[in-house]
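# Structural description and commentary
Read off the chains here:
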Amino acid sequence: MKKIGPILLGFILLIAVWQLVSIMGGHDAALFPPPFAVLNALLMTIKDGSIFDHIQISLLRFFSGYLLAVVVAVIIGLAVGRLGKIWAVLDPIVQVLRPVSPIAWSPFIVLWFGIGNMPAIVIIFIAAFFPVLLSTVAAVKKVDATYLRIAANFEMSHFNLLRKIVFPAAFPMIANGLHMALGSAWIFLVAGEMVGAQSGLGFLIVDARNSLSLDLVMAAIIVIGVLGLLLDKLIRYFERWVAKIWGGQSA
């Protein structure tokens, strides 16, 4: 309850400021919908079930792209993190590609993968891949050399070294990359669904905007924000669970 109280207080404060701005700002309700109009639009989508369909599709795309990016990035990061010469070749390539917005690739992505789920999944993959890769490589490089010497004394195989020593020791730093990647991927999920998608929360925003239903646009934005908060809490619980198994400190 101690943690829930400040969260509820923050939401109440936000709604109060929102209502105050809508009253004192002199904006047309159709252009800047007040909280109760947005709540009514949200309740209508809940009543007809359409919002749940969009949420389900968006979460499916998000987890498909995000989890795939995490697995691929962690595997590559663990593999090349201890191979300085190989990473010296790959690092400039990564640094050139990393700043490019995933949306910049959208013309090619739509041409290569068509419309539907794949463009959004690919955009999410790109958004999540680089933060996890870079954090994994950096974490592997900072693993205490004492652990590596102990593993060498026990003549551990390279695979067991990565699985039993390097990954557990590097995970706290990798977790920072997971946080950054989650936020980036969730942001670009919406952008990805605005490109070649006919469903999902991003599509709902575009469709509502085209019909000038700005109350529904705002409702979709709120749903996206709340889901993003829940996803962040979920990954924090995952970190604590892993840290508990390995006997480390919780995040």
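Scoring rules and cut-offs
Residues numbered from 1 in each chain as written. Predicted model: local features only at pLDDT ≥ 70, side-chain atom pairs only at ≥ 80, totals over all residues. Heavy atoms only, no water. UniProt positions renumbered as here; feature names shortened; annotations may be inferred. pLDDT = per-residue confidence, 0-100. Helix = DSSP H or I, 4+ residues; strand = E, 2+ residues; numbered from the N terminus. Contact = heavy atoms within 4.5 Å. Phe/Tyr/Trp six-rings, centres within 6.5 Å; stacked < 30°, edge-to-face > 60°. Buried < 20%, exposed > 50% of the residue type's maximum accessible area, 1.4 Å probe, protein only. Core = buried A, V, L, I, M, F, W, Y, C linked by side-chain atoms within 4.5 Å. Salt bridge = Lys/Arg side-chain N within 4 Å of Asp/Glu carboxyl O. Expected span 1.5 Å × (residues − 1). Axes fitted to C-alpha atoms, helices over the stretch in contact; angles between N-to-C directions. Parallel < 35°, antiparallel > 145°, perpendicular 65-115°, else oblique. Left-handed = near helix turned anticlockwise from the far one by under 90°. Nonpolar A, V, L, I, M, F, W, Y, C, P; charged D, E, K, R; others polar.

Per an unreviewed UniProt entry, the recorded name for the protein is Putative aliphatic sulfonates transport permease protein SsuC, and the organism is Lysinibacillus sphaericus. The record in UniProt for the protein states the following under Sequence similarities (unreviewed entry): "Belongs to the binding-protein-dependent transport system permease family." Regarding the protein, the UniProt comment filed under Subcellular location (unreviewed entry) reads as follows: "Cell membrane".

## Digging into the confidence of the model for the protein
Mean pLDDT over the protein stands at 83; residues scoring 70 or higher make up 92%. When pLDDT is averaged over each helix and strand of the protein, the minimum, 74, is found for helix α7 (residues 145-153) and the maximum, 92, for helix α3 (residues 50-81). Below pLDDT 50 for its whole length, residues 247-251 participates in 6 contacts with residues either more than four positions away or in separate chains.

## Here we look at the packing of aromatic side chains
One pair of aromatic rings is described through two measures. These are the centre distance and the angle between the planes. Using the criterion set out here, one finds 8 aromatic pairs in the structure. Each ring, one from F62 and one from Y66, has its centre 5.3 Å from the other, and the planes form 10°; the classification is stacked. Remark: Y66 and F62 occur in helix α3; sequence separation between them is 4 residues, near one turn of the helix. Judged by its relative accessible area of 0%, F62 is buried. Since its relative accessible area comes to 6%, Y66 is described here as buried. Measuring from ring centre to ring centre gives 5.6 Å for F125 and F129, while their planes differ by 20°; the resulting arrangement is stacked. Note that F125 and F129 are positioned in helix α6 (residues 117-141) at a spacing of 4 residues, about one turn of the helix. What makes F125 partly exposed here is its relative accessible area of 22%.

## Some thoughts on the nonpolar core
If you look at the biggest cluster of nonpolar residues, it comprises 55 residues, and the most contacted ones within it are F62, Y66, L178 and L201. If near-sequence neighbours (up to four positions away) are discounted, L201 is found in contact with I51, H54, I55, S58, E193, V223, I224 and L227.

## Let's talk about the side chain of S199
Mapped onto the elements of the fold, S199 is located in the loop between α8 (158-193) and α9 (201-210). With sequence-adjacent residues up to four places away left out, S199 is seen in contact with H54, I57, R61 and E193.

## Description of the pattern of salt bridges
By the definition in use, this model includes 2 salt bridges. E193 is the salt-bridge partner of R61, the closest N and O atoms lying 2.9 Å from each other. You can see R61 sitting in helix α3 and its partner E193 sitting in helix α8, a full 132 residues away along the chain. Grouping residues by exposure puts R61 and E193 together as buried. In this structure, R236 and D232 form a salt bridge, with 3.1 Å as the shortest nitrogen-oxygen distance. Here the residue R236 and the residue D232 both occupy positions in helix α10 (residues 214-245), the gap between them amounting to 4 residues, near one helical turn.

## Observations regarding the UniProt feature "transmembrane region" (unreviewed entry) in the protein
Here, UniProt's "transmembrane region" (unreviewed entry) annotation points to residues 7-26, 63-84, 96-115, 121-140, 165-191 and 211-231. Spanning residues 63-84, this segment combines 91% helix with 0% strand, and its end C-alpha atoms are found 32 Å apart. Between the end C-alpha atoms of residues 96-115 the distance is 27 Å, and the span holds 50% helix and 0% strand.

## Concerning α6
With 25 residues, α6 extends 36 Å between its outermost C-alpha atoms, agreeing within 8% with the 36 Å of an ideal straight helix rising 1.5 Å per residue. With 19 of 25 residues buried, α6 lies mostly within the body of the structure.

## Concerning unusual backbone geometry
A positive phi angle is found at L212, which is not glycine, with a value near 60°. Residue placement: L212 occurs in the loop between α9 and α10. In this structure L212 comes out as exposed when scored by relative accessible area, which is 70%.

## Considering the side chain of H54
Along the chain, H54 turns up in helix α3. By relative accessible area, H54 is classed as buried at 14%. With sequence-adjacent residues up to four places away left out, H54 is seen in contact with S199, G200, L201, F203 and L204.

## Structural notes on the packing of helix α4 (residues 84-97) against α6
The angle between the axes and the distance between the axes are what describe a pair of packed helices. Closest axis-to-axis distance for the α4/α6 pair is 11 Å, and the angle between their directions is 150°. On the basis of their axis angle, the class for α4 and α6 is roughly antiparallel. Pair α4 / α6 crosses with left-handed handedness. Residue-level inspection shows W87, V94, Q95 and L97 of α4 in contact with α6, the latter providing F130, L133, L134, V137 and K141. Of the residues that constitute the contact of α4 with α6, the class distribution is 7 nonpolar, 1 polar and 1 charged.

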